[in-house]
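Here are the chains, one letter per residue:
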Amino acid sequence: MADDRTAGTAASTTSGETTPAGILRERLSAQTATIAVVGMGYVGMPLAHAVLEAGFTVLGFDVDQRKIDKLNTGEVYLHHLGEAMHTDLAASDRFAATCDAARLDVADVIVLCVPTPLGEFREPDLSYVIDSTRMVAEVLRPGQLVVLESTTYPGTTRDEMKPILEETGLRCGEEFFLAYSPEREDPGRKGVTTKAIPKLVGGVDATSTDLAMLLYGAAVEQAHRVESAEIAESAKILENVYRAVNIALVNELKLILEKMDIDIWDVVDAAATKPFGFQAFYPGPGLGGHCIPIDPFYLAWKARGLGHTTRFIELAGEVNAQMPAHVVNRTAEVLNDEGRSLRNAAVLVLGIAYKPDVDDVRESPAAEIIDLLLERGANVSYHDPHCPTFPEMRKHDIDLVSTELTDATLTDADCVLIVTDHAAVDYDQVGRSARLIVDTRNAMADVTSPNARIVKA
């Protein structure tokens, strides 16, 4: 494992390059630069691994000492990324991990991969970005490039980060450099690495873009230059607004078609046979993950400041936000059909992660669904092979641990509620042993001759 205190600095060069940009350009071109990744989570760790594979020296920074200890020993803490990624980092003499922000001064490039959540009133919470930028300002020196990867509204890099960094007296574009390159991670997706996902790269000036392109051009297979940080920021917002709006469309159709006894999943599959002009999106119990439930509201907030109302985006948000309540109401209805009240009913929730086959619960609709079930008096348990305990969440305080999925567990439940369709769950067993299933993911579609009554929601 590298001792980052002895890693090279931008002050040393073997050629005639003497400007901060020239020195950094040379080090990036030769892959001798040290790259610091701030935030070693779902975005930061895959990025650090890709940069390490490209030949750079990497310093992983996180405020969580437990993560740092695991990074330095190779212990797995993001299971969907696999053991190899953790052990590769720990075993490399070009990687080190730290909680000490002062050690960022050795980095030639500092990449911020920090959360950008929503506040209480769905306003952008840039506190992690601002605090991280101030932390970087404490060590900023000539010849450093700072890159933001966190999803945010257009203008954040230039209007929020640049002034903080320039308070040091250093000039952006001449002495230090600043760019934006949005993360495009898709946790749990098989067969696609960070290296294979195209990256957008836009700086606050042309030199910053040039330097950032040297980094990402070496680390990923396709780095696409755009004209400004604002274009890169806007493109990322568009990607997630596109998904949020289309998911809202099928969720709203689901509510209508449900009343007509028409299966929305069959309808989407039928429409998807058209080879042009249609992309399949499927309904669900609500939006989860860090991007889709949050990012559209960043743009909506920015638009309000400009005197505009994003009616289409906000309507999509309203539709998606009501889905957890719809799932709970639907569960109550089908229990009532069976002569059973939701109050005191034993409800077994299958899956609490926001998407299949990961342990990521950020903004998972399962949390709100469980809270609503508990509020209405249900006796709730859950099973998730990837989440043995319900993790701490900012808006939810749920004290539950995953129960073993057995025939007895399924039989004892008045209702099995499928929220996340993990591949590790035996749905044949669920269909055989459960009495009543509310399926929000069409997970039971391939189960033949189930004993349970299955209702889609």
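Parameters and conventions
Residues numbered from 1 in each chain as written. Predicted model: local features only at pLDDT ≥ 70, side-chain atom pairs only at ≥ 80, totals over all residues. Heavy atoms only, no water. Buried < 20%, exposed > 50% of the residue type's maximum accessible area, 1.4 Å probe, protein only. Helix = DSSP H or I, 4+ residues; strand = E, 2+ residues; numbered from the N terminus. Pairing = 2+ DSSP bridges. Right-handed = clockwise from strand over helix to strand, strands pointing away. Axes fitted to C-alpha atoms, helices over the stretch in contact; angles between N-to-C directions. Contact = heavy atoms within 4.5 Å. 1 Å grid on protein atoms, 1.4 Å probe; cavity = no way out; pocket = protein on both sides within 12 Å on 5 of 7 lines; lining within 4 Å. Points joined across faces, edges and corners; volume = space filled by probe spheres on them. Nonpolar A, V, L, I, M, F, W, Y, C, P; charged D, E, K, R; others polar. pLDDT = per-residue confidence, 0-100.

**Topic: the pairing of strand E4 (residues 109-112)**
Note on strand geometry: in a regular strand, side chains alternate between the two faces of the sheet.
Logical step 1: Side-chain alternation along E4 places Val-109 and Val-111 on one buried face and Ile-110 and Leu-112 on a second face that is also buried.
Logical step 2: Pairing of strand E1 (residues 34-38) with E4, which is carried by four bridges, proceeds in the parallel orientation. Among the inter-strand pairings, Ile-35 is bridged to a residue of E4, identified as Val-109.
Logical step 3: Regarding the hand of the β-α-β motif, the stretch spanning E4, helix H5 (residues 127-137) and strand E5 (residues 144-148) is right-handed.

**Observations concerning the sheet that holds E1**
Logical step 1: Here we have eight strands laid out as an open sheet, ordered E3-E2-E1-E4-E5-E6-E7-E8, and mixed in their pairing. The two strands at the open ends of the sheet, each matched to only one other strand, are strand E3 (95-98) and strand E8 (223-225). Strand-to-strand twist in this sheet, taken as the mean axis angle between neighbours without regard to direction, amounts to 25°.
Logical step 2: Both strand E7 (residues 199-203) and E8 contribute to a ladder of three bridges, which runs parallel. Across the sheet, residue Lys-199 finds its bridge partner in E8, namely Ala-223.
Logical step 3: Strands E1, strand E2 (57-61), E3 and E4 of the sheet are contacted by helix H2 (residues 44-53), whose axis makes an angle of about 170° with E1.
Logical step 4: This element, helix H6 (residues 156-166), spans E4, E5, strand E6 (176-180) and E7 of the sheet and lies at about 155° to E6.

**Looking at the layout of surface pockets**
Logical step 1: Taken as a whole, the second largest pocket encloses approximately 1,100 Å³ of empty space.
Logical step 2: In terms of lining, the second largest pocket is formed by 36 residues, of which the most central are Asp-186, Arg-243, Ile-247, Ile-292 and Lys-355.
Logical step 3: Looking at the lining of the second largest pocket element by element, the count peaks at six residues for helix H8 (residues 229-259).
Logical step 4: A breakdown of the residues in the lining of the second largest pocket according to their chemical character gives 15 nonpolar, nine polar and twelve charged.

**Comments concerning empty space enclosed by the protein**
Logical step 1: Using the criterion set out here, one finds one cavity of 30 Å³ or more in the structure.
Logical step 2: Of the pockets and cavities examined, the largest cavity occupies roughly 70 Å³.
Logical step 3: Along the walls of the largest cavity sit Val-43, Leu-47, Glu-149, Glu-183, Arg-184, Glu-185, Thr-194, Ile-197 and Lys-199, which together make up its complete lining.
Logical step 4: Residue composition of the lining of the largest cavity, grouped by class: three nonpolar, one polar and five charged.

**Quick look at the sheet that holds strand E10 (residues 379-383)**
Logical step 1: One open sheet accounts for five strands, arranged E10-E9-E11-E12-E13; its pairing is parallel. Each of the sheet's edge strands pairs with one partner strand only, and the pair in question is E10 and strand E13 (453-456). In this sheet, adjacent strand axes meet at a mean angle of 20° when their direction is disregarded.
Logical step 2: By the bridge criterion, three bridges tie strand E11 (residues 415-418) to strand E12 (residues 436-439) in an arrangement that is parallel. Bridged to Leu-417 within E12 is Val-438.
Logical step 3: Packing of helix H12 (residues 323-337) onto the sheet brings it into contact with E11, E12 and E13, and relative to E13 it is tilted by some 150°.

**Here's the deal with helix H13 (residues 365-375)**
Logical step 1: Within the sequence span of H13, burial applies to Pro-365, Ala-366, Ala-367, Ile-369, Ile-370, Asp-371 and Leu-373.
Logical step 2: Where the residues of H13 are buried, they touch H12, strand E9 (346-350), E10 and E11.
Logical step 3: Just downstream of H13, Gly-377 is the residue with a positive phi angle, here 90°.

**A word on the pairing of E11**
Logical step 1: Burial of the side chains of E11 extends over both faces: Cys-415 and Leu-417 are buried on one face and Val-416 and Ile-418 on the other.
Logical step 2: Bridge count for E9 against E11 is four bridges, and the pairing is parallel. Directly across from Val-347, in E11, lies its bridge partner Cys-415.

**Section: the confidence of the model for the protein**
Logical step 1: Taken over all residues, the pLDDT of the protein has a mean of 92, while the share at 70 or more is 95%.
Logical step 2: Confidence drops under pLDDT 50 across residues 1-14; counting only partners more than four residues distant or on other chains, this segment forms 36 contacts.

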